[in-house]
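# Report on the structure
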Amino acid sequence: MSAISVRNLVVEYGGRRVLDGLNLEIEQGETMVLLGGSGSGKSTLLRHIIGLERPNSGSVVVKGTDICHCSEAELNTVRRSMGVAFQSAAMFNSMSVKDNVALNLREHTELAEPVIDLVVWMNLAVVGLAEFGDLQPPELSGGMKKRAAVARALALDPEILLFDEPSAGLDPIVAAELDELILLLKETFHMTIVVVTHELPSAFRIADRIAMLYKGAFLQVGTKDEIRNSKHPQVRQFIDRTPDNMATAASIAAEFQKYLESPETSE
Amino acid sequence: MATLAERVGSGTLDHLGYVGGLNLQLWKALKAMPTALPFVGNRHRWKASVEQMLEIGVNAFPMVALMALCTGFILAMQGASELRRFGALHYVIDLVAVGFTRELGPLLTAVAVSGRSGSAFAAEIGTMVVTEEIDALRVMAFEPIEFVLAPKYLAALITIPCLSILCNLCGILAGGVFMFFSTRLSLLLYFRYVLSSIVLHDVINGLIKSVAFATIVVHVGCLEGFRVRGGPEGVGRSTTAAVVKSTFLVIVADAVFTAIFYFTGTQ
């Protein structure tokens with residue numbers, strides 16, 4: 001059984017179709033990268049996989065539960081086996097880093113405080129922040145904040161870990177550190193990992209499979225070699241970083257000419 | 001003509017939608033309230049409630065007290081300048097005592113709290129929406145209404161009536177000081193007159209009002225926060241809207257309650 005399966009997912013915002021009948025199976029223990037440009041619908045897909053929004057039609061099945069058509073209580077049970085690291089890290093600014101990581105353990109488990117301390121310390125150690133537990137989130141750098149968010153996502157020992165743009169806004173070195181962290185987690189904990197990104201080097205470093213999104217539909221889903229050697233024109237365009245037809249000097253001159261000759265200006 | 005009808009129609013629908021949103025949020029908050037209670041609820045929510053009580057109630061007291069002293073003094077002076085002409089200076093005592101317990105105490109408190117805390121709620125929750133903290137809460141299987149709103153609502157329901165009573169006392173004290181300096185009426189005698197001029201109904205009606213005002217201030221402030229879309233500028237806009245709308249609704253509710261008390265003869 002696959003860990004996550006997306007079936008005929010259709011999402012519309014104000015009559016505009018954002019996701020157009022997506023189908024995707026993410027297997028247990030694999031790293032799936034959802035790759036796509038801005039506006040391709042990759043973040044929307046992630047928000048539906050973690051159950052933050054309900055689709056217009058279709059379903060998302062996580063570990064056998066259809067999270068689009070289940071009760072709030074069932075959804076919360078599924079959510080306890082998922083960890084999410086948000087794009088902006090989304091650390092709770094009113095609490096220290098330690099308390100952020102401990103929040104889930106304090107509220108959703110009956111563990112004693114010394115045990116919670118130990119688990120928090122271990123999770124912070126995994127992401128390399130063991131000494132920074134007492135700081136407040138605004139005191140951390142961008143990369144540290146994202147790693148702290150990973151530690152918080154790890155707190156309840158999730159089977160599925162999801163990342164929204166882990167390397168956005170980070171310098172290449174810190175972004176690479178995050179990639180290594182994702183690989184480490186996969187190796188150590190055998191987690192199912194879903195990463196939404198538009199960064200090619202990062203995608204090719206961490207992925208087992210890549211799903212290429214374009215305007216709300218999958219162009220191609222395959223291993224990283226299949227994507228790298230793809231013949232699909234839009235996939236090639238993304239990988240070769242070819243710009244779309246933008247304005248050129250000649251086209252701007254032509255537009256200007258057209259404007260001068262239009263009836264409103266000649267009156 | 002059609003456009004006018006359209007605009008009236010869509011404006012009405014927007015307002016109905018807003019009121020619907022407020023009622024839905026109130027219903028959800030009432031369902032989540034037991035978790036914030038001590039002993040029977042979740043101890044973390046109770047702790048948050050106590051923190052909110054300090055913030056909404058204790059920290060607001062100096063400001064509310066000063067406002068009440070000034071208003072009591074103003075009311076006494078304005079009343080005295082007219083009543084003196086009829087030789088009815090002692091009616092200033094009734095004016096201040098009844099005016100504060102029925103009306104000014106709850107109203108002044110609500111306006112002060114809406115400016116201090118209503119705006120703070122909108123800004124806090126709005127920032128949490130923008131930085132994805134609300135999404136993170138939901139993904140971690142917490143209900144934002146229960147986690148964020150319920151402690152604030154419980155705290156407001158307890159502290160705002162208390163503040164109103166203190167506001168009444170300060171206002172009436174100011175009236176007493178005025179009477180002492182203008183007619184050498186001793187404070188002890190003044191308070192004896194005050195007690196004979198107000199009845200239990202006045203105090204209860206004032207408390208009913210202040211519970212209603214607490215509900216309006218908290219729910220408008222929080223709803224404005226949850227409705228933030230876009231970015232930081234959205235937070236600014238909803239902070240302003242929180243104060244404007246809650247002050248407006250407090251005064252409308254005051255009129256409605258006063259009318260009910262007047263026409264049912266309980267005043």
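Owing to the predicted nature of the structure, the values given are computational and were not obtained by experimental measurement.

### Quick notes on a nonpolar patch on the surface
A surface patch of nonpolar side chains, about 370 Å² in accessible area, is lined by F61(B), I165(B), L166(B), L169(B) and L207(B). Among the secondary structure elements, L166(B) is positioned in helix 6 (residues 144–183).

### What about the nonpolar core?
Core analysis: the largest hydrophobic core is formed by 103 residues, its most contacted members being I4(A), L34(A), L45(A) and L162(A). If one sorts the elements of this core by residue count, helix 6 of chain B sits on top with 16 residues. Among the nonpolar cores identified, the runner-up in size contains 47 residues, and V120(A), V127(A), M144(A) and L200(A) belong to it.

### Observations regarding the interface of chain A and chain B
For an interface, size is often stated in terms of accessible area lost upon the parts coming together. Facing the 25 residues of chain A at the interface are 17 residues of chain B. Counting the surface lost from both chain A and chain B, the interface buries some 1700 Å², and carbon and sulfur atoms represent 56% of this. Interface area lost by chain A to chain B is led by L52(A), F92(A) and E107(A), which between them contribute 30%. Scanning the region where chain A abuts chain B turns up two salt bridges. Two residues, R45(B) and E107(A), come together in a salt bridge whose shortest N-O distance is 2.8 Å. At the junction of chain A and chain B, the tally comes to nine residue pairs in polar contact (both at pLDDT 80 or more). Sorting the residues of the side of chain A that touches chain B by element identifies helix 2 (72–79) and helix 3 (97–108) of chain A as the ones contributing at least two each. The element contributing the most residues to the side of chain A that touches chain B is helix 3 of chain A, with six residues. Of the residues contributing to the side of chain A that touches chain B, the split by class is nine nonpolar, eight polar and eight charged.

### Thoughts on the pairing of strand 2 (residues 16–26) of chain A
Across eight bridges, strand 1 (residues 4–13) of chain A lies against strand 2 of chain A in antiparallel orientation. Among the inter-strand pairings, V6(A) is bridged to a residue of strand 2 of chain A, identified as L24(A).

### Here's the deal with the pairing of strand 6 (residues 82–85) of chain A
Residue and element names in this part refer to chain A. Burial along strand 6 is two-sided: the residues M82 and V84 and G83 and A85 are all buried. In the sheet, strand 6 pairs with strand 7 (residues 160–164) via four bridges, with the strands oriented parallel. In the strand pairing of strand 7, G83 is matched with L161.

### Observations regarding helix 7 (residues 187–197) of chain B
Residues and elements named next belong to chain B. Along helix 7, the positions that sit buried rather than exposed are Y190, V194 and S197. With its buried residues spanning 70° around the axis, helix 7 presents them on a single face. The exposed set on the far side of helix 7, more than 90 degrees from its buried face, consists of L188, R192, L195 and S196. In this structure, the buried residues of helix 7 make contact with helix 4 (91–130), helix 6 and helix 8 (200–226).

### Let's talk about the sheet that holds strand 8 (residues 192–197) of chain A
Residues and elements named next belong to chain A. The strand order 6-7-8-3-9-10 describes an open sheet built from six strands, whose pairing is mixed. At either end of the open sheet lies a strand with only one pairing partner, and these are strand 6 and strand 10 (217–223). Between one strand axis and the next, the sheet turns by 15° as a mean value, whatever way the strands run. Direction of pairing for strand 9 (residues 209–214) relative to strand 10: antiparallel, over a ladder of six bridges. In the strand pairing of strand 10, R209 is matched with T223. Against the sheet, helix 6 (residues 172–189) touches strand 3 (31–36), strand 7 and strand 8, its axis set at about 160° to strand 8.

### A word on the pattern of salt bridges
All names here are of chain A. Here the structure, examined in full by the defined rule, presents 24 salt bridges over all chains. Notably, a salt bridge pairs D99 with R106, separated by 3.3 Å at the nearest N-O pair. A salt bridge links R236 to D240; the nearest nitrogen and oxygen atoms lie 3.1 Å apart. Exposure remark for R236: the relative accessible area of 25% places this residue in the partly exposed category.

Rules of the game
Residues numbered from 1 in each chain as written. Chains lettered and ligands numbered in written order. Predicted model: local features only at pLDDT ≥ 70, side-chain atom pairs only at ≥ 80, totals over all residues. Heavy atoms only, no water. Patch = residues over 30% accessible without salt bridge, like charges linked within 9 Å, V, L, I, M, F, W, Y side chains within 5 Å. Areas by Shrake-Rupley, 256 points an atom, 1.4 Å probe, with all protein chains shown as cover. Salt bridge = Lys/Arg side-chain N within 4 Å of Asp/Glu carboxyl O. Helix = DSSP H or I, 4+ residues; strand = E, 2+ residues; numbered from the N terminus. Core = buried A, V, L, I, M, F, W, Y, C linked by side-chain atoms within 4.5 Å. Buried < 20%, exposed > 50% of the residue type's maximum accessible area, 1.4 Å probe, protein only. Contact = heavy atoms within 4.5 Å. Buried area = accessible area lost by both parts, 1.4 Å probe. Polar contact = N/O pair within 3.5 Å; in protein donor to acceptor, adjacent residues only side chain to side chain. Nonpolar A, V, L, I, M, F, W, Y, C, P; charged D, E, K, R; others polar. Pairing = 2+ DSSP bridges. Arc of directions from axis to C-beta. Axes fitted to C-alpha atoms, helices over the stretch in contact; angles between N-to-C directions.

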